[in-house]
Amino acid sequence: MAVNEEFISRILSICEAYADEPMSRHTTFRIGGPADVLAEPASVAQLKAVIDLCGEKNVPFTVIGRGSNVLVSDGGVKGAVIKLGPKMSSVRFENGRIYAEAGATLASVYSCAYANGFAGFEKLAGIPGFVGGAIRMNAGAYGIEIKDVLESCDFLENGELKTVSAEEAGLSYRHSIFCDRKDAVIVSAVFKCENRAESREEILREYLTYSAKRRESQPLNMPSAGSTFKRPANGFASRLIDEAGLKGFRIGDAEVSTKHAGFVVNRGGATAEDVLKVIEAVRKTVFEKTGVTLDPEIVYLE
Ligand SMILES: Cc1cc2nc3c(=O)[nH]c(=O)nc-3n(C[C@H](O)[C@H](O)[C@H](O)COP(=O)(O)OP(=O)(O)OC[C@H]3O[C@@H](n4cnc5c(N)ncnc54)[C@H](O)[C@@H]3O)c2cc1C
């Protein structure tokens, strides 16, 4: 069934929601047509009610967090987009663990560890995603991944609240069991703090070192979704793209960043179509020159 007025008024009786909401407002690429409806539940109960309603009315749903690893089609997203963000973003420390809701930023998880004198989150703090998206993607940077700090997470699936350990979550390079279980929505996570620092200054110094590295190497002043491609075996996608002479390659307003060849940036008015064309051209050229097939890391939503 399509989203209609009755569906929207029922969603609005559950939580904050917006009809025909431009997804460009909810993605770091600043690209994407409208979602039929975008709902922002503020609790697991509200989330469950929204998902139940989608099931009852046969409306497909898609969950997003910060929208920092997605490319949304110019035609938008059919059905309901459920955003788990600032409205479900509590973070607390208890007994050597950090309990975070899915919409908490990785930066706030780092801040909580810092405030309690624990190291181990400094390299993850600069990843712009929220906890749910970061677990789904097993996000990582500078040799550390979510896999290394996650103890367990809770998720809703088929109306049931379930828990998996980090091991059961099947975290591997930019992958987890959640990539293959489209109806499973991560609602919260427990992170382990095992590394008590000598001093908070030491944690801060490490954090500042890696923030500076990011600023030096990444086009953080331009909209993007981070690394476009996964790391191929034996190498870096950015190096292959750079060596293929593709830095600055542009279609419309979508461009292979001149600062970091692994990023595609939006120069202002890029469409999803432009980005897809750049991705295809880059894959084709790199394959022709090196024989390596690059697989996109970015998730395409429509
Ligand atoms: C400037 C920049 C730098 C980046 N640097 C890095 C980096 O160093 N390392 C790295 O790994 N990534 C990096 N990224 C990519 C991105 O930030 C991460 O993949 C991040 O973890 C995605 O989180 P998100 O909340 O934005 O997820 P989204 O982009 O909103 O969603 C990503 C996927 O997860 C799903 N999802 C989101 N929330 C949930 C949930 N609660 N339950 C189930 N599924 C969910 C979505 O459906 C989608 O399939 C970078 C991105 C940018 C823009």
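Our focus in this paragraph is the overall build of the protein chain. Across its full length, the protein chain carries 7 helices and 19 strands. Across the 302 residues in the protein chain, those meeting the buried criterion constitute 48%. As displayed, the protein chain has an accessible area near 13,900 Å², and 47% of this comes from carbon and sulfur atoms.

On inspection of all chains with the given rule, the structure shows 6 aromatic pairs. By way of ring pairs, the aromatic residues Y110, Y114 and Y207 are connected into one cluster. Taking the ring centre of Y99 as reference, the NZ or CZ of R92 above it sits at 4.4 Å.

The assigned domain composition of the protein chain is domain 1 (5-85), domain 2 (89-214) and domain 3 (220-301). A C-alpha centroid distance of 24 Å is found between domain 1 and domain 2. Of the residues lining the interface, 12 residues belong to domain 1; the matching set on domain 2 comes to 14 residues. With both chains or domains summed, domain 1 and domain 2 bury close to 1,100 Å², and 76% of this area falls on carbon and sulfur atoms. Per-residue buried area on domain 1 facing domain 2 is highest for V44, R66 and L84; these three make up 33% of the total on that side. Joining domain 1 to domain 2, the criterion identifies 0 salt bridges. Viewed at the interface, domain 2 and domain 1 are joined by 0 residue pairs in polar contact (both at pLDDT 80 or more). Elements represented by at least two residues in the side of domain 1 that touches domain 2 include exactly α2 (44-57) and β3 (61-64). With 4 residues, the single largest contributor to the side of domain 1 that touches domain 2 is α2. Looking at the side of domain 1 that touches domain 2, its residues break down into 6 nonpolar, 4 polar and 2 charged.

Our focus in this paragraph is the pairing of strand β6 (residues 91-94). For β6 and strand β7 (residues 97-101), the ladder comprises 4 bridges, and the chain directions are antiparallel. Across the sheet, the residue bridging to E94 is R97, located in β7. Here β6 folds back onto β7, and the loop between the two strands holds 2 residues, one of which, N95, carries a positive phi near 45 degrees.

For the structure shown, the criterion picks out 0 disulfides. Among the cysteines around C15, which has no disulfide bond, C54 carries the closest sulfur, lying 9.8 Å off. What makes C15 buried here is its relative accessible area of 7%.

Attention now moves to the pattern of salt bridges. Considering all chains together, one arrives at 17 salt bridges under this definition. We note a salt bridge from E6 to R10, for which the minimum N-O separation is 3.7 Å. Here R10 and E6 lie together in helix α1 (residues 5-12), a separation of 4 residues that amounts to about one turn. The class of E6 is partly exposed, set by a relative accessible area of 38%. Between K284 and E288 there is a salt bridge; the shortest N-O distance is 3.2 Å. Taken as a pair, K284 and E288 lie in helix α7 (residues 272-290) at a separation of 4 residues, close to a single helical turn.

Attention now goes to the packing of helix α3 (residues 106-115) against helix α5 (residues 200-217). The interhelical angle for the contact between α3 and α5, taken along N-to-C directions, is 155 degrees, at an axis separation of 9 Å. The pairing of α3 with α5 is recorded here as roughly antiparallel in orientation. Contacts from Y110, Y114 and A115 in α3 reach R200, I203, L204 and Y207 in α5. Its residues placed into classes, the contact of α3 with α5 shows 6 nonpolar, no polar and 1 charged.

With that out of the way, let us pick up empty space enclosed by the protein. One pass over the full model with this rule turns up 2 cavities of 30 Å³ or more. Quantified by volume, the largest cavity comes out at close to 50 Å³. In terms of lining residues, the largest cavity is bounded by L106, V109, Y110, F121, L124, A125, I146, V149 and F191. Among the elements that take part in the lining of the largest cavity, α3 stands out by supplying 3 residues, more than any other. Taken together, the residues of the lining of the largest cavity break down into 9 nonpolar, no polar and no charged. Around the second largest cavity, the lining residues are E122, K123, G126, Y142, Y207, Y210, S211 and R214. Split by residue class, the lining of the second largest cavity holds 3 nonpolar, 2 polar and 3 charged.

Conventions used here
Residues numbered from 1 in each chain as written. Predicted model: local features only at pLDDT ≥ 70, side-chain atom pairs only at ≥ 80, totals over all residues. Heavy atoms only, no water. Helix = DSSP H or I, 4+ residues; strand = E, 2+ residues; numbered from the N terminus. Buried < 20%, exposed > 50% of the residue type's maximum accessible area, 1.4 Å probe, protein only. Areas by Shrake-Rupley, 256 points an atom, 1.4 Å probe, with all protein chains shown as cover. Phe/Tyr/Trp six-rings, centres within 6.5 Å; stacked < 30°, edge-to-face > 60°. Lys NZ or Arg CZ within 6 Å of the ring centre and 35° of its normal. Domains from an automatic or database assignment. Contact = heavy atoms within 4.5 Å. Buried area = accessible area lost by both parts, 1.4 Å probe. Salt bridge = Lys/Arg side-chain N within 4 Å of Asp/Glu carboxyl O. Polar contact = N/O pair within 3.5 Å; in protein donor to acceptor, adjacent residues only side chain to side chain. Nonpolar A, V, L, I, M, F, W, Y, C, P; charged D, E, K, R; others polar. Pairing = 2+ DSSP bridges. Disulfide = S-S within 2.5 Å. Axes fitted to C-alpha atoms, helices over the stretch in contact; angles between N-to-C directions. Parallel < 35°, antiparallel > 145°, perpendicular 65-115°, else oblique. 1 Å grid on protein atoms, 1.4 Å probe; cavity = no way out; pocket = protein on both sides within 12 Å on 5 of 7 lines; lining within 4 Å. Points joined across faces, edges and corners; volume = space filled by probe spheres on them.

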